[in-house]
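Each chain, letter by letter, is given below.
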Amino acid sequence: MEELFFIRFEVMPTLLMGLVVSIKLIVPSAFLGLFIGIIIGALRVYGSTLLKKVADGYVLIFRGFPLVIQLFIWYFGLPHIGIYLSPMVAAIVGFSLCSSAYHSEYVRGAFLSVKTGQTMGAKALGFSKIQMIRFITLPQAFRRALPGCGNEIIYLIKYSSLAYMITCIELTGQGKIIASETFKYTEIFMIIGAIYLFLSTIASWILHRVEDSLRLPGFEHYKA
Amino acid sequence: MANRKTILRIEDMTKRYGSKTVLKDASLSLKEGELKILIGPSGGGKSTLLQCVNFLVKPDKGRVWLDGEEIIHSRKKELYAYRQKVGMIFQDFNLFDHLTALENVQIALMKVKKKTREDARRRAVNELERVGLGDHIKKYPAQLSGGQKQRVSIARALAMDPKVMLLDEPTSALDPELISEVLDVIINLRVNGMTMIMSTHQIGFASELADELVFLEDGNILEAGPPMKMLSDADCARTREFCSKITELYGNSF
C-alpha cells in the first residue's frame, strides 16, 4: 500500500515531467528528420553528380557515427567554435540529423521504385525537374516509404532516451534520478518501459491512420 | 498542302547507345495539319526518334525547329516551354498513378501553365468529355481500362494546346477490342487538323489517314512517301517486304 502511494505521488509526477520533455524532443525531431530525410533522399536520386556525392557523404557520416557521439559533438563540441546550444536544442538537432539519414534511405528506395514512365510523362508536359519531384514522384514515393519511415520514427521514440547523456533530463533521465535516490530501480524502470511501449503504440496507431488516409486505388498493396 | 507552313523540322537526328547507333541522321519535316506515320520493325528507331524530338532522350546530334525557331535543349526554360507545345502519347500511357483522371489533366495546367484551379478544372472536364470520359473523371488510373487510360492521356496532352502531337504506338498495349476507341479519338484529331507524327503497326489505319508513311529500320529512314505508293510500289525492296508482311498480318482496313 505504502509502495503504491509512493509511486502514485512521488514517482509518477516526476516521470510525467520527464515524459513531457521526451515528447518535446520526439515530435519536432520526427517531423524535422522526415523533412530533411526527404530532401536528402531526393538529392540522392535526382541530384547532379556532385550533389549526389554530398548527400551520400551526409548519410555515411550521420548513419555511421554513434548517436551518443553525435550528441556530444553538438552539445560539448560546438562551444569550442563559439556555438552554444541548449541541451534540448542539441538533442533535437542530433536526433533530426541522425534520423534523416535513415529516412533518406527509405525515401531513396521509394523514389527508385517509381516507374520511369511517370517521369517521362511529367517531362513531356513541360514539368521542370523540381515540379516533377514535388507533384509527381514524391507523392507516390512518400506512400511507399511510409512503412519504413514509420519504423524509423518508432525507433526515434526509444533512442530519444539518450538525451539525458547531454543533461536534457527527459523520461529516462528523471527515472534514473529518482531510482538512484530511492533504490527502487526495478519498479521505476518497469514503469518507464511501459511508458515507452505506450508511446510507440500510439505512434504506430497514428502512422497506420496516416497510411490509410493516403491509400489510393493502385497503391493498396503498399500498406504495411 | 504546298503552301502550308512548316511546323516542325528535324535535321540529322542521331542517337548512340555505346557503340550501337539506334538512330542515324534522321530528318523529317511536318507541315501544318499533316500526319506522318512511322512504320518499321520494332527496335528500328521509331520510339527513339519520337523521344528525341522532345528531348526525353538527348540526341547525340541533330537539330529541331518548331515554327521556325530552333530549340536549344540545354537552355532549360526554352526546353520546358517547347515541351508544353509538343504533346506526347506513350505506348503504356504514363498516367500519373496517384491522381484521378481529372487531376491528371488538371495538374500540368495548374503547375506548368499556372492556370487557376477553376480554369484548369473547366478545361480538364472539357477535354475529358471530348474523348468520351465525362463519366469517369473521378477514377484513378488503376480503375480505368487501357483504352480509357490512353484517352485520358490524349486529353491530358490536348489540354496543353500543343502545336504538334507525337504518338508512340498509342494502341500497341491495348486489347484488340479497345483499339478502335483510341483510334477514333485520333481520327477526330486528324479531322480537326492536328499536326501529328505517329508510330504504329496498324497499317490499315496508317494507309487511310496518313499523308506520308516513313519507313525506319536499324535507325535509318529508308524511304518515305504517300501510303499508296509505299504499300504497293515502294522503291526500296526492304520496304516492300515489310509492307506486304504487315498488310497480311493486320489487314488493309481497320
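Residues numbered from 1 in each chain as written. Chains lettered and ligands numbered in written order. Predicted model: local features only at pLDDT ≥ 70, side-chain atom pairs only at ≥ 80, totals over all residues.

A. Quick peek at the domain arrangement of chain B. All names here are of chain B. Considered domain by domain, chain B is made up of domain 1 (1-85 + 165-181 + 192-254) and domain 2 (93-161). Summarising the inter-unit geometry, the C-alpha centres of domain 1 and domain 2 are found 25 Å apart. Contact with domain 1, which involves eight residues of that partner, is made by eight residues of domain 2. Residues belonging to the side of domain 1 that touches domain 2 are distributed by class as follows: five nonpolar, one polar and two charged. (Domains from an automatic or database assignment. Contact = placed C-beta atoms within 7 Å. Nonpolar A, V, L, I, M, F, W, Y, C, P; charged D, E, K, R; others polar.)

B. Representation of unusual backbone geometry in the model. Residues and elements named next belong to chain B. One non-glycine residue with positive phi stands out, namely aspartate 12, at about 50°. For aspartate 12, the position within the fold is in strand S1 (residues 6-17). Overall, the presence of 12 C-beta atoms within 10 Å leaves aspartate 12 in the exposed class. At lysine 114, a position not held by glycine, the phi torsion is positive, near 60°. Assignment of secondary structure puts lysine 114 in the loop between helix H3 (101-111) and helix H4 (117-130). Overall, lysine 114 belongs to the exposed group, with 9 C-beta atoms counted inside 10 Å. (Helix = DSSP H or I, 4+ residues; strand = E, 2+ residues; numbered from the N terminus. Buried ≥ 20, exposed ≤ 12 C-beta atoms within 10 Å, placed from the backbone.)

C. Highlighting the sheet that holds strand S4 (residues 61-66) of chain B. Pairing is antiparallel in the open sheet, where four strands are placed in the order S2-S1-S4-S5 (chain B). On the outer flanks of this sheet lie strand S2 (20-31) and strand S5 (69-70) of chain B, each paired with one strand and no other. (Pairing = 2+ DSSP bridges.)

D. Geometry of the nonpolar core. Counting residues in hydrophobic clusters, the biggest one holds 122 residues, and the most contacted among them are Ala91 of chain A together with Ile37, Leu49, Leu128, Ala155 and Leu166 of chain B. No fewer than three residues from each of domain 1 (1-85 + 165-181 + 192-254) and domain 2 (93-161) of chain B sit in this core. Leucine 49 of chain B has contacts with Met13, Leu23, Ala26, Leu38 and Leu216 of chain B, leaving out every residue within four places of it along the chain. Judged by nonpolar contacts, the second largest core, of five residues, contains Leu15, Leu171, Ile188 and Ile192 of chain A. (Core = buried A, V, L, I, M, F, W, Y, C linked by C-beta atoms within 7 Å.)

E. Broad picture of the interface of chain A and chain B. On the chain B side, the residues contacting the 19 residues of chain A number 23 residues. Of all the elements in the fold, those that place two or more residues in the side of chain A that touches chain B are helix H5 (116-124) and helix H6 (129-159) of chain A. Its residues assigned to classes, the side of chain A that touches chain B comprises 10 nonpolar, eight polar and one charged.

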